[in-house]
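Structural features, examined
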2 protein chains.
Amino acid sequence: MGVPAVELSERRAAILRLIISDYIQTAQPVGSEGLVQRHRLELSSATIRNEMARLEDEGFITHPHTSAGRVPSDQGYRYYVEFLMGDPELPTDEKLRILHQFHQATSHVAQWLQLAAAVLSQSVHNAALVTAPRVAQVRLRQLQLVALHEHTALLVLVTEEVKVRQQVMTFADPVTQDELTRIANRLNAQWSGLDAPAIRARPVDPGSRDEAVRIVVAGILEEDEAAGFSDAHVEGLRNVLEQPEFSRSTKALEVLEALDEHNLAATIPAEGPPSGGVTVIIGGENPNAPLREMSVILSGYGSEGGPRGLLAVLGPTRMQYPRAVATVRYMGSVMSALLRRLYGDEDR
Amino acid sequence: MGVPAVELSERRAAILRLIISDYIQTAQPVGSEGLVQRHRLELSSATIRNEMARLEDEGFITHPHTSAGRVPSDQGYRYYVEFLMGDPELPTDEKLRILHQFHQATSHVAQWLQLAAAVLSQSVHNAALVTAPRVAQVRLRQLQLVALHEHTALLVLVTEEVKVRQQVMTFADPVTQDELTRIANRLNAQWSGLDAPAIRARPVDPGSRDEAVRIVVAGILEEDEAAGFSDAHVEGLRNVLEQPEFSRSTKALEVLEALDEHNLAATIPAEGPPSGGVTVIIGGENPNAPLREMSVILSGYGSEGGPRGLLAVLGPTRMQYPRAVATVRYMGSVMSALLRRLYGDEDR
DNA sequence: GTTAGCACTCTCGATTGATGAGTGCTAACA
DNA sequence: TGTTAGCACTCATCAATCGAGAGTGCTAAC
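Here, residues in each chain are numbered from 1, in the same order as that chain's written sequence. To read the labels, note that chains go from A and ligands from 1, taken in the order they are written. Whole-chain, interface and lining totals are the exception, using all residues; otherwise, since this is a predicted model, local features are given only for residues with pLDDT of at least 70 and side-chain atom pairs are given and counted only at 80 or more. Only hydrogens and water are set aside; all other atoms, that is, all heavy atoms of the structure, feed into the side-chain values.

**Some words on the interface of chain B and chain A**
What makes two residues a contact is simply this: any of their non-hydrogen atoms within 4.5 Å. Between chain B and chain A, the residue contacts involve 39 residues of the former and 40 residues of the latter. Both sides of the chain B and chain A interface together cover about 3300 Å² of buried area, and 55% of this is carbon and sulfur. Any pair of N or O atoms that falls within 3.5 Å is considered a polar contact. Within protein, one atom must be able to donate a hydrogen and the other to accept it, and sequence-neighbouring residues count only if both atoms are side-chain atoms. Across the contact surface, chain B and chain A share four residue pairs in polar contact (both at pLDDT 80 or more). Numbering of helices and strands runs from the N terminus; a helix is a DSSP stretch of H or I covering at least four residues, while a strand is a stretch of E covering at least two. Broken down by secondary-structure element, the contributors of at least two residues to the side of chain B that touches chain A are β4 (140-147), β5 (152-159), β6 (164-170), α7 (177-191), α10 (237-242), α11 (249-258), α12 (261-267) and α13 (321-343) of chain B. Among the elements that line the side of chain B that touches chain A, the one with the most residues is β4 of chain B, at seven residues. By buried area we mean how much accessible surface two parts lose on assembly, using a 1.4 Å probe and totalling the loss over both.

Now the structure itself:
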């Protein structure tokens, strides 16, 4: 989708590239005269104007008004991303800088995601979003019961993908810590490695404590599967709001609302591209109305069968695509590697 | 501090109150003529003008420019909060509405804080901040070790105030889950109820697994004590940015930066007022430069010896003080009650 | 102490006109 | 047929100007 049918002549493509890269830098409509001067073109501005007129006919650029320079359209950006910008690679020193920042990464996943979002957003000067890695099927690894009062206990459970969940639960009859420990040991032996349906299928005495625990455990596991990308870390909204296109306060507010941590999860397509691949969604291609003036650069991370997450950069359509794509791709590989290191060869 | 030395005549105080409440509503400088009309005063606008001139001499109000109405100064707001607005109580239906929202509260503390911040911000139409309850001394309740690979395990620990912490740790030699379980059981029996220094003082074999666990556990407990109010939940920045005083985009950005979740913790005085009390910090009284045009309404929650947190409302100095103070106070009592219910009579 | 009257100040919005950037077209040129 | 110079035309932007309106501060009368 979105790939323009028209094939551009070499020269027109070159002009389009110049227009877009100039516009990305200056945020100002670019005129024929200025283009010739800045790039010392061998052609006159009049010729450029003719070519621009054709580019406009074909829908790659537009006019804000009669006498302003040209501005790339969504279709223009699309063509640029697809055919003109090449396959950008991040310079080595930049890669090192990123790696260096990750060197401080603790093994605490939440901090880790926060760090990833911060590094990404800082590196591309735009907003960044990183979702927690998750698997399609959530299985129990181990559970623990901590007595709080006579009738209440804290259930802590660790899933196979090393997520920790907690929930306070109540029992009909008083229980002691000793008893809770025995229950936990027994259930761990029986349920370890199972997912919610399997645990629900396990026989337990009706009305027993085991049953009470089972309800809560299965509930948490199911909730986790349904959670989707809700726990997303967003960083660098500031960078976006600083862009001149959002200088008007009302616009800034709209964007802020769209990018609000709660809404954003829904905004992003649930299924990211396969790890390694990078998807670019430009302006109006975005199904979400408030994001119509923004572009999203998406990449999955993680491994095929294992836990997977999403990373994304969000910014105005006027975005440094080459750099952003390169950074997102590289970050994806770094995250995948970290994930492997952390969760190891758990499937073997 | 900040309490004005000057005692105002009854009439001038009344006029000040009217000016402030009008200005809070309209965000427009209020003029003498309009004041008389809106409130059907028995005095002429000329008299009001005279009184206004005196109020200005004494520093309670100012002029944006020669011929605009009057605007309250920080000192004016301070006087208003201190003497004029009385001791506002939240209407019963509003209290019920808040209670009702809390009815859905899960026992998951993080969600709970999020909810509190959301309710508070929505209720006062400003930004709200809620910090997690914490105690000065963090003690271990129970720990759990989950084998990940041969050399690594996940340490999950539950503190006395029912916080769950996790950390991946590595061992020099391979360990099995059985062994880890034995270690966890033994250490739970020895360390339950102790804080970091006490655990450090416990004898363990040098180089043993117990020692490795001890280092990590003590580290986590100490880190938690030092954490301060870092894990604050902020909600409703939108409300603030929508206010007309922040219509200019640059200003909005400044505020956004100041209220950024990361900076904000540092912004707020670490020690809140005692539970039940409400502190109002107006504009320039705030030590933080970027918050000079904002007011903060603060209250602590929790019980004397137990876990305590902070709630705050942040908005422009032109704020609905009576309502905000009443709401913050009420929310404080609700949160304290919830905290008691959740953690129970743990000291007994 | 209160009030009417009035001059004065200052903001705000609309209008105007000059400026300049940039286009689109035409005609000449290679 | 492609390229270029020339030129009229359009439109945003900016500064200057003007009038209206709001509000004050002062004075003098009540």
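**A short note on the side chain of Ser-121 of chain B**
All names here are of chain B. Inspection of the secondary structure puts Ser-121 in helix α6 (residues 109-124). Taking relative accessible area as the criterion, Ser-121 reaches 4% and is therefore assigned buried. With residues up to four places along the chain from it excluded, the contact list for Ser-121 reads Asn-126, Ala-127, Ala-128, Glu-235, Gly-236 and Asn-239. Classification of residues uses two cut-offs on accessible area relative to the type maximum, computed with a 1.4 Å probe and protein chains only: under 20% is buried, over 50% is exposed, and between them is partly exposed.

**Thoughts on the protein's contact with DNA strand D**
Neighbouring residues are identified by heavy atoms, a residue being near a molecule or strand if any of them is within 4 Å of it. Arg-11, Thr-47 and Thr-66 of chain A together with Ser-32 and Ser-67 of chain B are the nearest of the 21 residues found near DNA strand D. Among atoms of DNA strand D positioned within 4 Å of the protein, sugar and phosphate together represent 72%. The contact in question runs from a phosphate oxygen of DNA strand D to an N or O atom on the backbone of Ser-44 of chain A, over 3.2 Å. Here a sugar or linking oxygen of DNA strand D sits 3.4 Å away from a polar atom, N or O, in the main chain of Ala-68 of chain B. Counting only elements with at least two residues in the surface near DNA strand D, the list comes to α3 (45-57) of chain A together with α3 (45-57) of chain B. By residue number, the principal contributor to the surface near DNA strand D is α3 of chain A, which donates four residues.

**Comments concerning the pairing of strand β6 (residues 164-170) of chain A**
All names here are of chain A. Criterion used throughout: strands pair if DSSP finds at least two bridges between them. As paired strands, strand β5 (residues 152-159) and β6 are joined by seven bridges and run antiparallel to one another. Note on β6: the bridge partner recorded for Val-156 is Gln-166. Connecting β5 to the antiparallel partner β6 that follows it, the hairpin turn spans four residues, and Val-162 within it adopts a positive phi of roughly 60°.

**Let's talk about the relation of the copies chain B and chain A**
Residues below a pLDDT of 70 in either copy are left out; the C-alpha atoms of the rest, at least 70 in both, set the least-squares superposition of the copies. Rotating chain B by 180° and moving it 0.0 Å along the rotation axis overlays it on chain A with an RMSD of 0.2 Å. The superposition of one copy onto the other is thereby described by a two-fold rotation axis. Residue by residue, 100% of the interface of chain B is reproduced at the interface of chain A, so both copies engage with the same surface.

**Examining the nonpolar core**
If you look at the biggest cluster of nonpolar residues, it comprises 130 residues, and the most contacted ones within it are Tyr-321 of chain A together with Tyr-321 of chain B. Residues in contact with Tyr-321 of chain A, not counting those within four places in the same chain, are Ile-24, Tyr-77, Tyr-80, Val-81, Met-85, Val-280, Ile-282, Ser-295 and Ile-297 of chain A. Put simply, buried Ala, Val, Leu, Ile, Met, Phe, Trp, Tyr and Cys residues joined by side-chain atoms within 4.5 Å make one nonpolar core. Grouped together as the second largest cluster of nonpolar side chains are 42 residues, Leu-256 and Leu-291 of chain A together with Leu-253 and Ala-258 of chain B included.

**Considering the sheet that holds strand β9 (residues 294-302) of chain B**
In sheet architecture, strand pairing relies on hydrogen bonds along the backbone and comes in two forms, parallel and antiparallel. Residues and elements named next belong to chain B. The strand order across the open sheet built from five strands is β7-β3-β10-β9-β8, with neighbouring strands paired in antiparallel fashion. Looking at which strands have only one partner, the edges of the open sheet turn out to be β7 (232-235) and β8 (278-281). For this sheet, the mean angle separating the axes of adjacent strands, direction not counted, is 15°. The pairing of β9 with strand β10 (residues 308-316) spans nine bridges and is classified as antiparallel. Across the sheet, the residue bridging to Gly-302 is Arg-308, located in β10. Inter-axis angles, ranging from 0 to 180 degrees, are taken between N-to-C directions of lines fitted to C-alpha atoms, where helices are fitted over the stretch in contact.

**Observations concerning the protein's contact with DNA strand C**
Of all residues adjacent to DNA strand C, which total 21 residues, the nearest are Ser-32 and Ser-67 of chain A together with Arg-11, Thr-47 and Thr-66 of chain B. Looking at DNA strand C alone, sugar and phosphate atoms form 71% of those within 4 Å of the protein. One nitrogen or oxygen atom from the side chain of Arg-49 of chain A is found 3.2 Å from a base nitrogen belonging to DNA strand C. Here a phosphate oxygen of DNA strand C sits 3.1 Å away from a polar atom, N or O, in the main chain of Ser-44 of chain B. Contributions of two or more residues to the surface near DNA strand C are made by α3 of chain A together with α3 of chain B. No other element matches α3 of chain B, which puts four residues into the surface near DNA strand C. Ten residues, namely Ala, Val, Leu, Ile, Met, Phe, Trp, Tyr, Cys and Pro, are considered nonpolar, four, namely Asp, Glu, Lys and Arg, are considered charged, and the remaining ones, Gly among them, are considered polar. Of the residues contributing to the surface near DNA strand C, the split by class is four nonpolar, 12 polar and five charged.

**Section: the packing of aromatic side chains**
By convention, a stacked pair of Phe, Tyr or Trp rings (six-membered ring in the case of Trp) has centres within 6.5 Å and planes under 30 degrees apart, an edge-to-face pair has planes over 60 apart, and any other such pair is tilted. Per the counting criterion, the structure on display carries six aromatic pairs over all chains. Measuring from ring centre to ring centre gives 5.5 Å for Tyr-77 of chain A and Tyr-321 of chain A, while their planes differ by 50°; the resulting arrangement is tilted. Of this pair, Tyr-77 of chain A sits in helix α4 (residues 74-84) while Tyr-321 of chain A sits in helix α13 (residues 321-343), and the two are 244 residues apart along the sequence. Here Tyr-77 of chain A matches Tyr-321 of chain A in class, with each residue buried. Summarising the aromatic geometry, the rings of Phe-60 of chain B and Tyr-79 of chain B are spaced 5.3 Å apart at their centres and angled 75° between planes, so their arrangement reads as edge-to-face. Within this pair, whereas Phe-60 of chain B is found in the loop between α3 and β1 (61-62), its partner Tyr-79 of chain B is found in helix α4 (residues 74-84), the two being separated by 19 residues in sequence. Side by side, Phe-60 of chain B and Tyr-79 of chain B carry an identical accessibility label, which is buried.

**Thoughts on α6 of chain B**
Residues and elements named next belong to chain B. Here the expected span of a helix is defined as 1.5 Å times the quantity of residues minus one. The terminal C-alpha atoms of α6, which comprises 16 residues, lie 23 Å apart, in line with the 22 Å expected from a rise of 1.5 Å per residue. Here α6 has its buried residues at Val-109, Trp-112, Leu-113, Leu-115, Ala-116, Ala-117, Val-119, Leu-120, Ser-121, Ser-123 and Val-124. Two residues or fewer after α6 comes His-125, characterised by a positive phi angle close to 55°.

**Thoughts on the side chain of Glu-94 of chain A**
Residue and element names in this part refer to chain A. Structurally, the position occupied by Glu-94 is in helix α5 (residues 92-102). A distance of 3.0 Å separates polar atoms of two side chains, one belonging to Glu-94 and the other to Arg-97. If we ignore the near neighbours within four places in the chain, the residues touching Glu-94 are Ser-123 and Arg-323.

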